[in-house]
Amino acid sequence: MPQEPAPEAQPWWHGAAIYQIYPRSFQDSNGDGVGDLAGIARRMEYIAALGVDAIWISPFYKSPMRDFGYDVSDYCDVDPVFGTLADFDAVVAGAHAAGVKVMVDQVYSHSSSDHPWFAESRSSRDNPRADWYVWADPKADGSPPNNWQSVFGGPAWTWDGRRRQYYLHNFLTSQPQLNLHNPDVQDALLGVARFWLERGVDGFRIDALNFAMHDPKLRDNPPAKLSRLPSRPFDFQQQVHNQFHRRTVKFLERLRALTDEFGGAFTLAEIGGDEDNVQMKRFTRGNKRLNSAYGFDFLYCPALTPEFVADALSRWPEGEGWPSWAFENHDAPRAVSRWCAPQDADRFAPMKMALLVALRGNIILYQGEELGLRQDDIPFELLQDPEAIANWPLTLSRDGVRTPMPWTGKGLGGFTTGRPWLPLSAQNLALSVAGQERKKSSLLHQTRTLLALRKASPALRHGKLKKLVVKGALLAFDRIDEGQRVRCLFNLSPEPLELAEAQGTAKTIVSINGASSSSLPGYSALFLEV
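Residues numbered from 1 in each chain as written. Predicted model: local features only at pLDDT ≥ 70, side-chain atom pairs only at ≥ 80, totals over all residues. Heavy atoms only, no water.

(A) View of the pairing of strand 8 (residues 165-168). Side-chain alternation along strand 8 places Gln165 and Tyr167 on one buried face and Tyr166 and Leu168 on a second face that is also buried. Of the pairings in the sheet, the one linking strand 6 (residues 135-136) to strand 8 comprises two bridges and is antiparallel in character. Across the sheet, alanine 136 pairs through a bridge with tyrosine 166, a residue of strand 8. Direction of pairing for strand 7 (residues 157-160) relative to strand 8: antiparallel, over a ladder of four bridges. In the sheet register, threonine 158 faces strand 8, and the bridge partner there is tyrosine 167. Counting the residues that bridge the hairpin from strand 7 to strand 8 gives four residues, and of these arginine 164 lies at a positive phi of roughly 55 degrees. (Buried < 20%, exposed > 50% of the residue type's maximum accessible area, 1.4 Å probe, protein only. Helix = DSSP H or I, 4+ residues; strand = E, 2+ residues; numbered from the N terminus. Pairing = 2+ DSSP bridges.)

Written as structure tokens, this is what we have:
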């Protein structure tokens, strides 16, 4: 039932550390090789010990799994591969008992073609749900209504012989686009949100929100200005008319009004696209839309440089909303494999974690990031990712970041007793939870220390970001709140740096990789109370 807002100065999510769980790969409880909800419940003590404020669970709803849960065939039930609604309730109860909030994914832009809504919609042009999806007549020559392309390759339109019309799908052909311009569709999706809120969830991460509404006039997208030929047809166009429709904000205001009934449940938008920064601000502006948004600033950038970080942070000045940041997720390659040489990964990973913890906004850790897991190379014959299979070998497989959690360093890593849906690599088994628990200097222990510091520090959790400095490989800034000032210094290169300015009597709070008030060794970080 709806709850009264908690009487606190800031909502729970403001500055929160959120731990993303990809359930297929977290913990298998029944030996079928696929992680499940009971596995999440089993590992709740580990999650709580990390010091995160919330978990975000990627889709576990009923689905044919052609896109591994992001193609939903029943929004209000659990797919048997992940368990039951009772298993989900146990996850919520266990998390809340451990002081951890629970967020779940909501996929509003599209459903599975196996959803009963779509089965009815495609059955005729005059049924009650005929306009629940995006249908359009062909051109005179029988070709699709316009030039829009699918993210996963090929036209974004598929012909349906029953209706003798095309239907829109921005992703797989089995992921038809919901028509959110239709108030009945909005009502149905808000009903889905209410269902999960009443089961006790504390927030939503809203998938692919930029695709939620299209241009009803179905105008062609203009060509992109290309400096090189992309690997996907989707990238040949400016995504002007197939996303970011102005009416989207009205739906978001309806969603926000609903979540406010439940004590201000947190709403986090996933927003990509060419105008992501502008749209993130629009979708989160004021107190009637979503609470926060995260884009793709860090998820696909090939190098972590002071200039890049400073530019990303400058896009969210004071008064421009509250951002959320992620360096890794289920779609993006492991950051340590993108941002440093293999021989430097053990030093780079704790510096990277310190940087994430120091950022103004909410921070999102992807499962295994606290272990420094590397990107795995999955051979073609073992690929599961439909995008990678369709674009092989030009698209980096998302499977490489979805491989199972290594709880132990032997055999199947304590993940399963069966055959895992993706293989575990020797490189990641060597970074197992059990191995790092035994080593007090491990990244796992450093992550717990850093998260505890963030939670206890008003400056790091809620504070303003001031005095941003970029000089060579040096990145520095201050976080300020409630009379506390924390100076954060980072060396983003493997070479040592001498600090030109003495830090005076500043008190060292955290030193990563031997950093001191006079020097920063390669890939090091220093937090000072000044």
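(B) Structural detail: unusual backbone geometry. Phi angles above zero are rare outside glycine, and lysine 467 is one such case at about 55 degrees. Tracing the chain through its elements places lysine 467 in strand 14 (residues 464-471). Looking at lysine 467, the relative accessible area reads 56%, which means it is exposed. Look at glutamate 482: it is not a glycine, yet its phi comes out positive at around 50 degrees. When its relative accessible area of 68% is taken as the criterion, glutamate 482 is described as exposed.

(C) Structural detail: the nonpolar core. Judged by nonpolar contacts, the single largest core of 124 residues is most densely connected at Tyr19, Ile55, Phe490 and Phe527. If one sorts the elements of this core by residue count, helix 10 (residues 345-358) sits on top with 10 residues. Trp13, Trp56, Leu299 and Trp322 belong to the second largest nonpolar core, which has 15 residues in total. (Core = buried A, V, L, I, M, F, W, Y, C linked by side-chain atoms within 4.5 Å.)

(D) View of the pattern of salt bridges. The final tally for this structure, using the stated rule, is 35 salt bridges. Taking the shortest distance from any N to any O, the salt bridge between aspartate 160 and arginine 122 comes out at 2.6 Å. Residue aspartate 160 is located in strand 7, and its partner arginine 122 is located in the loop between helix 4 (116-121) and strand 6; the two are separated by 38 residues in the primary sequence. Owing to a relative accessible area of 17%, arginine 122 belongs among the buried residues under this scheme. When salt bridges that share partners are traced, they join Asp67, Arg232, Asp235, Asp331, Asp385, Glu387, Arg398 and Arg402 into one network. (Salt bridge = Lys/Arg side-chain N within 4 Å of Asp/Glu carboxyl O.)

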